Amino acid sequence: MMEEEQTLVKGGTNLEGSEAKLELTVDEVVEEYVGSLGFSQLVHVLLVSLAWIFDAQSTLVTIFTDAQPPWRCKSGLCRGYNNSSSNTGSVCELVSGTWEWVGGHTSSTIAEWNLVCDRRFLAALPASVYFLGSLIGSGVYGHLSDTWLGRKRTVQLSCILTSITAFATSLSPDIWTYAFFRFTNGFARSGIGICCLVLTTESVGRKWRGQVGQYGFFFFTVGFLTLPLVAYPTRTHWRSLYKVLSLLPLAYAVLLLPLVSESPRWLLIKGRTKEALQVLDRFARLNGKQKLPSNLSLTDPTGSSNAAPCTTSEGAEITPNNREKLWTTKWAAIRMITVMLAGFGVGFVYYGVQLNVENLNFNLYVSVAINAVMEIPAVVIGTFLLGFTNRRLLLSVSSYIAAVSSILCTFFSHKGGTSKVQNNHGGGSWGQLIIEGIGFMGASTTFDILYIYCVELFPTNVRNFAVSMLRQAIMLGASVAPLLVVLGRLSPSLSFLVFGGFAISSGVLSMWLPETRNAPLYETLKQQEEEEKHSWISHNDGALELGK
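Structure report, in brief. Keep in mind the model is a prediction, meaning the values are calculated, not measured. (Residues numbered from 1 in each chain as written. Predicted model: local features only at pLDDT ≥ 70, side-chain atom pairs only at ≥ 80, totals over all residues. Heavy atoms only, no water.)

1. What about the pattern of salt bridges?
Thinking step 1. The final tally for this structure, using the stated rule, is 13 salt bridges.
Thinking step 2. Between D27 and R265 there is a salt bridge, and its shortest N-O distance comes to 2.5 Å. You can see D27 sitting in helix α2 (residues 26–34) and its partner R265 sitting in helix α13 (residues 264–269), a full 238 residues away along the chain. The two residues D27 and R265 agree in class, both being buried. (Salt bridge = Lys/Arg side-chain N within 4 Å of Asp/Glu carboxyl O. Helix = DSSP H or I, 4+ residues; strand = E, 2+ residues; numbered from the N terminus. Buried < 20%, exposed > 50% of the residue type's maximum accessible area, 1.4 Å probe, protein only.)

2. A short note on the packing of helix α11 (residues 209–231) against helix α19 (residues 430–457)
Thinking step 1. At a closest axis distance of 10 Å, the pairing of α11 and α19 adopts a crossing angle of 135 degrees. It follows from the interaxial angle that α11 and α19 lie oblique. Pair α11 / α19 crosses with right-handed handedness. Residue-level inspection shows R209, G210, G213, Q214, F217 and F224 of α11 in contact with α19, the latter providing F440, F447, D448, I449, Y451, I452 and E456.
Thinking step 2. Classifying every residue of the contact of α11 with α19 gives seven nonpolar, three polar and three charged. (Axes fitted to C-alpha atoms, helices over the stretch in contact; angles between N-to-C directions. Parallel < 35°, antiparallel > 145°, perpendicular 65-115°, else oblique. Left-handed = near helix turned anticlockwise from the far one by under 90°. Contact = heavy atoms within 4.5 Å. Nonpolar A, V, L, I, M, F, W, Y, C, P; charged D, E, K, R; others polar.)

3. As for unusual backbone geometry
Thinking step 1. One non-glycine residue, N114, lies in positive phi territory at about 55 degrees.
Thinking step 2. The residue N114 is located in the loop between α7 (109–113) and α8 (125–147) in this model.

4. Describing the nonpolar core
Thinking step 1. I63, M336, Y351 and F458 are the most contacted members of the largest nonpolar core, which has 111 residues in total.
Thinking step 2. Aside from chain neighbours lying at most four places away, what touches M336 is L326, W327, F458, A466, M469 and L470.
Thinking step 3. Judged by nonpolar contacts, the second largest core, of 18 residues, contains L24, V29, V34 and I269. (Core = buried A, V, L, I, M, F, W, Y, C linked by side-chain atoms within 4.5 Å.)

What follows is the structure in structure tokens.
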């Protein structure tokens, strides 16, 4: 009998001639049979990451639609005042009818609804509620993608709703309706980023997770960089800009997204093992690998011997995973709170600096284009450094670069601001623009790294929820930023000083998080807790041995 059992293990067949069961984790299947990063995963990552373009355009469109346009006097009626794009005090001192907006009243929401003087803070309302909508939507989409819809269908739903709400925004008759539709647009688009990030990183080997996550941010940069090109032809009609941008996510959701595969990790965690193996087999064959072994099965992600095993019947769910909650697991809850506090500061700085570009007193289209270009080295540097640098160190250093640059901008802001008020010409400073660009590059790197870090800090069964909670914290910070931007029209130096303070706080908070470079992606909270505890004990035992 013993000889027969040995034959079963070594030869791979039992008495009936069937193959022995080969049980591996998703990570092991990817590394051994699929390939850590092959052609199929590159195509998958590319198709998924395209959605970041629409996420960027939807988020940053208000830089142009809600900016204060330049004004001019009518036939010398307001003699002594020159054209200005930001000195609202001079406009408020003029008699109504003696001046006009250069691009006409349809050039921006400020011009159309007269959001100047005592109504100036209403101009910050649409951008603020947009981020509040994103905050609420992040939680909703995170729950849907982890429990019901999955990553792929959540992205599809988000793109379709983004298209509908963007078009509805273009029809707004007043500032209050406009703010409402911006809120719904923020809610709609919030599922794109979190699900795209998770969907791409869950399809590759651990070596490439950081770099692949950065690819999505590159396409976010593409969306940012192309926005001025789309906005300039519509510069006299802000409604047309929304209509153009509403077409792109709908076309993507209908034509390209159906070609994308669902995350095999999510399928496994939902008990849909057969579908997970089909996705992995498709990846392997497109990579030029052999078909997955017929006796291959995926390891029970609960990591518990007394847990209900994964079933191959489609639609069945693994009961132990459904009972695990992030907020009731102490270590995970503490980690999540730390990530969210850091995320609040990152969101405040990253989006605030972008919206604050109008306070640089440069040509708006040129300033936005330069900021967008600075995202490219941020992505490239982040992608390169993630390959061999600790996440925690990279996150904190990039935060401090953003902080120092923002604080340095206060000196240039003071000088430029004085000139602008006294001379009313708005010359601006190239030194300020360069330093602001470096600071934005640091903020962009911090933003990108924090998302990758969050993906690696939490297991599959709560990963999308954790990323959505980070997204909520980032959006909460972003929702406050427009108020500071409006205040920055009166005191640019104050806005940059506040940005610097928040960047420092995010860098300090990151030091309380564990390092995740080259760590595996765990499937459940229980599994991650046990593995991390074991790794910590092994690390300390090794340190004690070295001490001896």
